Amino acid sequence: MQQHIAHLTLVVKDYDEAIAFYTRQLSFTLVEDTVLSDTKRWVRVAPPGSNGCCLLLAKAADEAQESRIGNQTGGRVFLFLYTDDLERDYRQMKEKGVTFVREPVTEAYGKVAVFQDLYGNLWDLLEPTNK
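Residues numbered from 1 in each chain as written. Predicted model: local features only at pLDDT ≥ 70, side-chain atom pairs only at ≥ 80, totals over all residues. Heavy atoms only, no water.

As for the domain arrangement of the protein chain
You can read the domains of the protein chain as domain 1 (1-69) and domain 2 (74-130). Using only C-alpha atoms to locate each centre, domain 1 and domain 2 end up separated by 19 Å. Each side of the interface is counted separately: domain 1 has 19 residues, and domain 2 has 14 residues. Of the roughly 1200 Å² buried at the junction of domain 1 and domain 2 (both faces included), carbon and sulfur atoms supply 70%. Summed over the three residues of domain 1 that lose the most area to domain 2, namely Phe21, Gln25 and Leu26, the buried surface amounts to 37% of that side. Remark: the boundary between domain 1 and domain 2 carries seven residue pairs in polar contact (both at pLDDT 80 or more). Elements represented by at least two residues in the side of domain 1 that touches domain 2 include exactly strand E1 (7-12) and helix H1 (15-25). At six residues, H1 tops the list of elements feeding residues into the side of domain 1 that touches domain 2. In the side of domain 1 that touches domain 2, the residues fall into twelve nonpolar, three polar and four charged. (Domains from an automatic or database assignment. Contact = heavy atoms within 4.5 Å. Buried area = accessible area lost by both parts, 1.4 Å probe. Polar contact = N/O pair within 3.5 Å; in protein donor to acceptor, adjacent residues only side chain to side chain. Helix = DSSP H or I, 4+ residues; strand = E, 2+ residues; numbered from the N terminus. Nonpolar A, V, L, I, M, F, W, Y, C, P; charged D, E, K, R; others polar.)

Put into structure tokens, the structure is as follows:
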């Protein structure tokens, strides 16, 4: 048996503002933006050079979903963005206005810094020791 995770859903307030943040500030690629109805789109973004899992940006459809925007994991780090050069990406992201809540440190597993997306979800930017 062979399986893999294809997409992770990220609940957002607005498709276009989320696309702008991920493509401009994080340099992600817009993989797909398909209109499904007057209120729903299928929007996928992925980190540069990625050929694996994508983020599926899903606009909140009701109050319950809206209440989860920016806090999908109860305040814990939600996603882990691996990089081959943490210093380069950290510098570029800071220049583009990305907010870091923890500056880069070196841990046993690699170099790591924590940033938040446009809604406040926490991410680890991680350059693993064993690449």
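Comments concerning unusual backbone geometry
Notably, Ser27 is not glycine yet its phi reads approximately 60 degrees, a positive angle. You can see Ser27 is positioned in the loop between H1 and strand E2 (29-35).

Brief notes about the nonpolar core
The biggest cluster of nonpolar side chains holds 29 residues, and the ones touching the most others in it are Tyr22, Leu55, Leu57 and Phe115. Elements with a minimum of two residues in this core: E1, H1, strand E3 (41-46), strand E4 (54-59), strand E5 (77-82), helix H3 (86-95), strand E7 (110-116) and strand E8 (122-128). Tallying contributions element by element places H1 first for this core, with five residues. When residues are assigned to domains, this core turns out to be shared by domain 1 (1-69) and domain 2 (74-130), each giving three or more. With residues up to four places along the chain from it excluded, the contact list for Leu57 reads Leu10, Val12, Tyr15, Ala18, Ile19, Tyr22, Arg41, Val43 and Val45. (Core = buried A, V, L, I, M, F, W, Y, C linked by side-chain atoms within 4.5 Å. Buried < 20%, exposed > 50% of the residue type's maximum accessible area, 1.4 Å probe, protein only.)

Let's talk about the pairing of strand E6 (residues 99-107)
Where E6 lies against E7, six bridges are found, and the strand directions are antiparallel. Within E7, the residue paired with Thr106 across the bridge is Lys111. Here E6 folds back onto E7, and the loop between the two strands holds two residues. (Pairing = 2+ DSSP bridges.)

Concerning the packing of aromatic side chains
Following the criterion strictly, the structure yields seven aromatic pairs and no others. Judged by centre distance (5.6 Å) and plane angle (55 degrees), the rings of Phe100 and Phe115 are tilted. You can see Phe100 sitting in strand E6 and its partner Phe115 sitting in strand E7, a full 15 residues away along the chain. Seen in terms of ring centroids, Phe115 and Trp123 are 5.5 Å apart; in terms of plane orientation they differ by 20 degrees. Their pairing is stacked. By relative accessible area, Phe115 is classed as buried at 0%. Taking relative accessible area as the criterion, Trp123 reaches 3% and is therefore assigned buried. Grouped by ring-pair contacts, the aromatic residues Phe21, Tyr22, Phe28, Tyr90, Phe100, Phe115 and Trp123 constitute a single cluster. (Phe/Tyr/Trp six-rings, centres within 6.5 Å; stacked < 30°, edge-to-face > 60°.)

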